[in-house]
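Spelled out from the first residue to the last, the chains are:
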Amino acid sequence: ALRNGDFETARALYQRRVQADPLSLDAQLGLATVGARSGDRALANRHYRDALAIDPRNETAIAGVLAISGNGSAANQETQLRTMLGQNPSASSLHFSLGNLMASQNRWVEAQQAYFEAYRLHADVADHAYNLAVSLDHLGQARLAREYYLKAMDLQPRSRGQFDTAAVARRVQELTGSDKAP
């Protein structure tokens, strides 16, 4: 249900799982994801924190709390992310969050590096490929951007990225046309 964007059904199913097993990390993260994707920051925050109570080092929960909290300045968030990455360099969700922070500041070279690392660690996530493509696009690397947009589209049916596939298809066409220009 979550992969299909049916947030109400996903919420109900995850809530049943949490009622049956409050220590289910998957169910807590599922409810947090439902909250984040549906715009219910309070729900997302509560369940990311519940997930951290179960597993204090859970990279997805840490990245989620940072992403939705907005606590402190961007510099403080960057420091927190970099500190956590120093402790857990293989945490793709932390690299992805760092990329999002860099992109929000138009720091595209650093965003591209962070997105590439997230993609390298988990190449099966559509959003990793998509955000890497966007960063490459901003850096004027059309051929590479097109390649990663196509990878994102290929991954979309399995990992349900949070991007508009029609817009990506249009951008791929635009970049394909720019490859043929003299």
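Reading the values: rules and limits
- Residues numbered from 1 in each chain as written.
- Predicted model: local features only at pLDDT ≥ 70, side-chain atom pairs only at ≥ 80, totals over all residues.
- Heavy atoms only, no water.
- Helix = DSSP H or I, 4+ residues; strand = E, 2+ residues; numbered from the N terminus.
- Rg over C-alpha atoms; globule rule 2.2 N^0.38 Å.
- Salt bridge = Lys/Arg side-chain N within 4 Å of Asp/Glu carboxyl O.
- Buried < 20%, exposed > 50% of the residue type's maximum accessible area, 1.4 Å probe, protein only.
- Expected span 1.5 Å × (residues − 1).
- Contact = heavy atoms within 4.5 Å.
- Phe/Tyr/Trp six-rings, centres within 6.5 Å; stacked < 30°, edge-to-face > 60°.

Caption draft 1: Quick peek at the overall build of the protein chain. Scanning the protein chain from N- to C-terminus turns up 10 helices and 0 strands. The N-to-C order of helical and strand elements in the protein chain reads α-α-α-α-α-α-α-α-α-α. A compact globule built from 182 residues would reach a C-alpha radius of gyration of about 16 Å, and the protein chain, at 17 Å, matches this within 12%. Expressed along its principal axes, the backbone C-alpha trace of the protein chain runs to roughly 60 × 35 × 25 Å.

Caption draft 2: View of the pattern of salt bridges. What the rule picks out here adds up to 10 salt bridges. The salt bridge involving Arg-107 is made with Glu-78; its shortest N-O contact spans 2.9 Å. Residue Arg-107 is located in the loop between α6 (92-104) and α7 (108-121), and its partner Glu-78 is located in helix α5 (residues 74-87); the two are separated by 29 residues in the primary sequence. Overall, the relative accessible area of 14% leaves Glu-78 in the buried class. Residue Glu-147 pairs with Lys-151 through a salt bridge whose shortest N-O separation is 3.3 Å.

Caption draft 3: Geometry of α7. A rise of 1.5 Å per residue sets the reference length of α7, with its 14 residues, at 20 Å; its end C-alpha atoms lie 20 Å apart and thus fit the reference within 8%. Burial in α7 covers these residues: Trp-108, Ala-111, Gln-112, Ala-114, Tyr-115, Glu-117, Ala-118 and Tyr-119. Of the surrounding secondary structure, the elements contacted by the buried residues of α7 are α6, α8 (126-138) and α9 (142-159).

Caption draft 4: Fine view of unusual backbone geometry. Positioned with a positive phi, Asn-106 is a non-glycine residue whose angle comes to about 60 degrees. Here Asn-106 is to be found in the loop between α6 and α7.

Caption draft 5: Examining the packing of aromatic side chains more closely. Throughout the structure, instances matching the rule amount to 4 aromatic pairs. Taking 5.7 Å as the distance between ring centres and 55 degrees as the angle between the ring planes, the aromatic pair formed by Phe-96 and Tyr-115 counts as tilted. Here the residue Phe-96 occupies a position in helix α6, and Tyr-115 occupies one in helix α7, the gap between them amounting to 19 residues. Accessibility classification places Phe-96 together with Tyr-115 in one group, the buried group. Plain terms: the ring middles of Tyr-130 and Tyr-149 are 6.0 Å apart, the flat faces sit at 55 degrees to each other, and that makes the pair tilted. A residue pair is termed long-range when its members are at least 10 positions apart, and Tyr-130 in helix α8 and Tyr-149 in helix α9 qualify at 19 residues. Of the residues examined, Tyr-130 reaches a relative accessible area of 22% and is grouped as partly exposed. By relative accessible area, which is 5% here, Tyr-149 ends up buried.

None of this, on its own, says anything about what the molecule does.
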